[in-house]
There are 4 protein chains.
Amino acid sequence: MVTFLNMLKVGIIGATAYTSLELIKILLRHPEVKITYLGVRRTDRPRISDIFPTLKNLLDLRCDTIEQKEVPENIDFAFITLPPTISMQYVPLFIQRGIKIIDFSADYRFRDKSLYERWYKIQHTDSKGIETAVYGLPELFREEIRKTNLIGNPGCYTTATILALAPLLMKGLVFPEDIIVDAKSGVSGRGREPREDTHYCECNENIEAYSVGGHRHSPEIEHILSIKTNQKVSIQFVPHLVPMNRGILCTIYAKPKHEMRPASMILSDNEVNKLYKEFYGNEPFIRLKEGNEMPKTKEVIYTNFCDIATKVTESRIVVLSAIDNLIKGASGQAVQNMNVMCGFDEKMGLL
Amino acid sequence: MVTFLNMLKVGIIGATAYTSLELIKILLRHPEVKITYLGVRRTDRPRISDIFPTLKNLLDLRCDTIEQKEVPENIDFAFITLPPTISMQYVPLFIQRGIKIIDFSADYRFRDKSLYERWYKIQHTDSKGIETAVYGLPELFREEIRKTNLIGNPGCYTTATILALAPLLMKGLVFPEDIIVDAKSGVSGRGREPREDTHYCECNENIEAYSVGGHRHSPEIEHILSIKTNQKVSIQFVPHLVPMNRGILCTIYAKPKHEMRPASMILSDNEVNKLYKEFYGNEPFIRLKEGNEMPKTKEVIYTNFCDIATKVTESRIVVLSAIDNLIKGASGQAVQNMNVMCGFDEKMGLL
Amino acid sequence: MVTFLNMLKVGIIGATAYTSLELIKILLRHPEVKITYLGVRRTDRPRISDIFPTLKNLLDLRCDTIEQKEVPENIDFAFITLPPTISMQYVPLFIQRGIKIIDFSADYRFRDKSLYERWYKIQHTDSKGIETAVYGLPELFREEIRKTNLIGNPGCYTTATILALAPLLMKGLVFPEDIIVDAKSGVSGRGREPREDTHYCECNENIEAYSVGGHRHSPEIEHILSIKTNQKVSIQFVPHLVPMNRGILCTIYAKPKHEMRPASMILSDNEVNKLYKEFYGNEPFIRLKEGNEMPKTKEVIYTNFCDIATKVTESRIVVLSAIDNLIKGASGQAVQNMNVMCGFDEKMGLL
Amino acid sequence: MVTFLNMLKVGIIGATAYTSLELIKILLRHPEVKITYLGVRRTDRPRISDIFPTLKNLLDLRCDTIEQKEVPENIDFAFITLPPTISMQYVPLFIQRGIKIIDFSADYRFRDKSLYERWYKIQHTDSKGIETAVYGLPELFREEIRKTNLIGNPGCYTTATILALAPLLMKGLVFPEDIIVDAKSGVSGRGREPREDTHYCECNENIEAYSVGGHRHSPEIEHILSIKTNQKVSIQFVPHLVPMNRGILCTIYAKPKHEMRPASMILSDNEVNKLYKEFYGNEPFIRLKEGNEMPKTKEVIYTNFCDIATKVTESRIVVLSAIDNLIKGASGQAVQNMNVMCGFDEKMGLL
């Protein structure tokens, strides 16, 4: 057993979210870290195992009240799971104190401040942070992640969409401005707050679309894919709420560039599969389906895997991707990022 | 088609509950009534089909604001679906105006005012009402229902439990003070209000017990069964929340009185089945299971039926009953009561 | 009470499907018909209420064994809910005997025999029937339905898709060969047969796509829309299995023809809403959502309604439609067709 | 990283059950063992990750065909997850070869051969085994487990029931022959085989009781508790099927022995809580609820914990216990047993 002395001391700021619970469960299995601080925006200092009884006997640490302008003493590394626009009030203070940060909100996901401000309807108060932060998708930004001390952890829909589309777009095989993403998410994606639209009887035995033509995740997807592929990418994104606790499935319709080849022939399933195999090679958390196998959310929930399948049809290349919105879509990916930032084995705590 | 002239004009006071939606759906199919008034405790006069979009094109009536001391002009009959302790503020006014009432709350379910006050921790302000009201369980109180103008409509757990136990207790075959009722309910039983314990992710993939040893329905069950069977009945009642929208299953364990017969022999399955058949004879909404068939909530939801099975084991008579908590446990039973009160065919609108 | 003498005597051939149960429940509420025959492909003559205990006390009729070449004596009208390729063996016999038929299989949905044979991999043995049958979608083929004695009842996915797309295509506002249909269905769409892919634990907490790029419903959709709009319509159809009992949601992405108008301007939400309002006018079972309201399957299940919403985005017109796959997608639509064929009020038994 | 040389080589015989999947996931996290053999009763030698795609990249080992009379070469320890009456054909061969065994079936759970034969309606062919096997419930039989080479791994219902009742019965505080166990289980308890009663639409939105008064787990519970507490224990056991994938909740009603103390006073909640705390002391996988907190299956699924609460009411001591039927009710408990048998830390691989 390693002694605590040489373990990384991590804190979680905003410990009451569903993502925080998943993060804690993963970190408890991680041999190189120790959770030394839990910060919440309430003053009664509950034990985390009172908030999440499933943690009883696993982590009975008391939560501290996070005060503005105050940074906890006993941490080397912080996961911030506060809502957008709140995070940016804390991040600079932590950075100043030399604490490495992974922020779960949207506050540090955009390289372009004005884009953030247009979508989140608030002035961004940490220009330096937003400029230097790295987008925490290891499969695409591993080298930058290795060097940074501030990560904007990707959204769940964005992770599933970007991982599914990156190979096609970077190889220039599809039209970057005619992409349709039909996304389906479990209810935990709506957060823990009781609202009419999270009431059991309103969600159960029901599927519905929401934010049609205006979801905050679409600019994030377009922004990151445009930066990464040096072309204007624009997508039509429609999210749906599915009666299950967790899991995201994205069904993506991309239009192949026929002019690339003799009019007669189009890409074959094998060519596209081969392309994805080459692109993701030995990525530890990408699993490519073969033949007619399709991703199922039940095969990825409670894991950090992203399962991807592709199918070439007459008019489209259909790409399907599945992740656990709370793991690869949030907390698992955050730990994967921490592993890269700290030089641990990237899979540590995640298998 | 009957003309509206000779139709019963009904109003629903407190139209935003899940039970109200079910009540409206049933009344819309009822050939003898017309919904002429919907009262809500908000002031924006929404259409009922804005509150429940599933009603669009079926009932687009605007809801009126219910003012204390005011009684709507255009109704002959009122269903009151307000919370306990609120109902009793309205009922007397309606009664004075000669309007027949079925009240969904507990305010008029007890013959004994002090019992109500002990459990609901409030003084009952309508002594006359509580004394004259009839308990709206047609299978046991049909004659009284026929004559009254005020019904206390039974609770969902109580309906399922009383219908299951009445034959055994009235025949004196089991010990009235050693009865265990293990009840399971769908989430709609918790009401429409968003709370942590109605959040989809808290209810889904979970079963739990609540109010162990102190649920408000147990005194109601004991009170009604004691009155009806002229003996002190006391039950051990434990309700559970099950991840489904609707439906209640009660599993009841009663102890047979062995002294009634030679020590060697106990009651047989056939004897008990026969007893139930005789007791419920042609009751239109009671269905008795035979052999090893057991009630399933999926077979009674969206119906006004109560399915019952009995099984004699070494130490107990096990009785199982299933109903739809919103129909036979609330709105269907209310319409059944209205049919009896108004001299309509008891099944009208309910098949 | 109407006497049975003047009631329509209907039979159901293949009475053990989920659609048959829904059909029976609807017909039991229909004032003009009486169920006089139930045919099954087993020989033990079970009561229908033994197969579906929820029907106990409602319909306890015994099922007869359907013999090839034999037609029941006591029916005027038949609903055939046998699997594709089996139906066509029975239909001609019934027609000869002057019995009107609504067939639930795909056997009579195509005007083009070769198209059927290509997709169902079997020779169609009733050329006359397939040529004369009418496609049972009253909103588009009401007049033909009025005159025919043989209906091919539409599939569930096809109903939801065609009703959503017809207005845009018939007005020529979108490209008919660049349409994407992302469809989501509850598990009852898979039928009652126990298979690995209908096992509770395989479906629950899971969403997946299936038959990507080759589902039998897409040629049906293309065929009917092409006939109706006099142009070659081709769609990209991807169905998904959602963890709920019933309900279908289709999310449809159609590309507006910009050349129709000054490059600068595209269609507005209002224009499209207006178009749909005009197109469906007083259709009793079409409900159009307004503003940002989106269809929810929970608002249409257990009803014959099809709820539709449209949203104009930068690159697409997104159309969403929701139905109950067993009602408007099968049995409710069948009764709607029967009402039209027999001159009953089209809504009879369906509200 | 430990080298494989000094790792325990384990095989799983009957690798296609839901319990096998959970077992594999746990063993993959166990630092002291390596899965070297997977045996199935089919001959096509599939990869385990083809049977359970969620294992892809985690364990892609091929399954071997298990031949009668043949024992795999490369294992030190075997988990046998074959059905009852099949297991006993393999166990003796493995024992002869010095392989330690944990058997998941009922074949080795009874000390009394005749009791087994009465309930499983087959002659037990391994008398020596059934006499020497140890019942694998570490909280009650840890010392015997430490010394044995053959474990009969407890059933899921039995684990939840015995752990809940043991303290009361061993202290003699309740009548051993008047105990009611109302048990609720998720659908995975029914196994992976597609049957009508595991069809999604038959289980979803439904709760039902089954095997009322005759479930195979009740003799196992009575047998073990009678042995352990030196008195005849008899229970009334009624299992229910709940629409969720996994988890068991037992609600147990035991009658306190009033004669033990002055008629006036009965046991208090505190006394009973204190008794359970003393009894289970530092048991790593028992968590006792306090105050009015009740066990929730969602707090124990995917863990090896058993959560227990007690409540003293007028007539009964109500004990509630919750476990994951696949983990503490099967595979987690098996690994806990293996840890004890092999001298590993008992929690290894289980947190």
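Cut-offs applied
- Within any chain, residue numbers begin from 1 and follow the written order of that chain's sequence.
- Chain letters start at A and ligand numbers start at 1, both assigned in the order the entries are written.
- Totals for whole chains, interfaces and linings use every residue, but because this is a predicted model, local features are given only for residues with pLDDT of at least 70 and side-chain atom pairs only at 80 or more, for both listing and counting.
- Processing note: side-chain calculations cover all non-hydrogen atoms of the structure and skip hydrogens and water entirely.
- Residues are treated as being in contact if the distance between any of their heavy atoms lies within 4.5 Å.
- Using a 1.4 Å probe, buried area is obtained as the accessible area two parts lose upon being combined, added over both of them.
- Every case where a carboxyl oxygen of Asp or Glu lies within 4 Å of a side-chain nitrogen of Lys or Arg is listed as a salt bridge.
- As used in this structure description, the phrase polar contact means that two N or O atoms lie within 3.5 Å; if the pair is within protein, one of them must be able to donate a hydrogen and the other to accept it, and residues adjacent in sequence are counted only when both atoms belong to side chains.
- The helix and strand labels rest on DSSP assignments: H or I over at least four residues marks a helix, E over at least two residues marks a strand, and numbering proceeds from the N terminus.
- Note on residue categories: nonpolar means Ala, Val, Leu, Ile, Met, Phe, Trp, Tyr, Cys or Pro, charged means Asp, Glu, Lys or Arg, and polar means any other residue, Gly included.
- Strand pairing is assigned whenever DSSP identifies at least 2 bridges connecting the two strands.
- Only protein atoms enter the calculation, which uses a 1 Å grid: trapped sets of points that fit a 1.4 Å probe without letting it out are cavities, open sets showing protein on both sides within 12 Å along at least five of seven lines are pockets, and any residue with an atom within 4 Å of a point is a lining residue.
- Grid points are joined across faces, edges and corners, and a volume is the space filled by probe spheres set on the points.
- When the centres of two rings from Phe, Tyr and Trp lie within 6.5 Å, Trp using its six-membered ring, the rings pair. Their planes under 30 degrees apart give stacked, over 60 give edge-to-face, and anything left gives tilted.
- Burial status follows relative accessibility: with a 1.4 Å probe on protein chains alone, a residue under 20% of its type maximum counts as buried, one over 50% as exposed, and anything between as partly exposed.
- We call a charge positioned above a ring when the Lys NZ or Arg CZ atom is no farther than 6 Å from the ring centre and deviates by at most 35 degrees from the ring normal.

**Brief notes about the interface of chain C and chain A**
Chain C puts 38 residues into the contact, and the matching count from chain A is 38 residues. Between chain C and chain A, the buried area comes to about 3200 Å², and carbon and sulfur atoms account for 58% of it. Applying the counting rule to chain C against chain A returns 10 salt bridges. Here R316(A) and D178(C) are joined by a salt bridge, their closest N and O atoms 2.6 Å apart. Across the contact surface, chain C and chain A share 26 residue pairs in polar contact (both at pLDDT 80 or more). Among the elements that take part in the side of chain C that touches chain A, strand 8 (residues 174-185) of chain C stands out by supplying five residues, more than any other. Classifying every residue of the side of chain C that touches chain A gives 17 nonpolar, nine polar and 12 charged.

**Some details on the sheet that holds strand 13 (residues 306-312) of chain A**
Residues and elements named next belong to chain A. In space, the seven strands of this open sheet follow the order 9-10-8-11-14-13-12, with mixed pairing throughout. Edge strands, defined here as strands with exactly one partner in the open sheet, are strand 9 (208-209) and strand 12 (286-288). Taken together, the seven bridges between strand 8 (residues 174-185) and strand 10 (residues 235-241) define a ladder with parallel strand orientation. Bridge pairing links I180 to Q236 in strand 10.

**With respect to empty space enclosed by the protein**
Scanning the model with the defined rule gives nine cavities of 30 Å³ or more in all. For the largest cavity, the calculated volume is near 80 Å³. The wall of the largest cavity is formed by 15 residues, among which N204(A), N204(B), N204(C), Y200(D) and N204(D) lie closest to the centre. By residue class, the composition of the lining of the largest cavity is eight nonpolar, four polar and three charged.

**As for the interface of chain A and chain B**
Opposite the 20 residues of chain A that make contact, chain B presents 20 residues. Carbon and sulfur atoms supply 54% of the area buried between chain A and chain B, which totals about 1600 Å² over both sides. For the chain A face of the interface with chain B, the top three residues by lost area are H199(A), Y200(A) and N245(A), together amounting to 41%. Our count for the chain A to chain B interface comes out at two salt bridges. Note that R192(B) and E196(A) form a salt bridge whose closest N and O atoms lie 3.7 Å from each other.

**Observations regarding the packing of aromatic side chains**
On inspection of all chains with the given rule, the structure shows 38 aromatic pairs over all chains. Between F110(C) and Y120(C), the aromatic rings sit 6.4 Å apart at their centres with planes inclined by 65 degrees, giving edge-to-face as the arrangement. With F110(C) in the loop between strand 5 (100-103) and helix 4 (113-120) and Y120(C) in helix 4, this pair connects stretches of sequence that are 10 residues apart. Neither residue differs from the other here; F110(C) and Y120(C) are each classed as buried. Here a set of aromatic residues connected by ring pairs shows up, and it is made of F110(A), Y116(A) and Y120(A). When the ring centre of F141(C) is taken as reference, the NZ or CZ atom of K228(C) above it lies at 4.5 Å. For the cation-ring pair, R192(D) lies above Y18(D), with the distance from its terminal atom to the ring centre recorded as 5.8 Å.

All quantities given are derived from atomic positions and should not be read as evidence of function.
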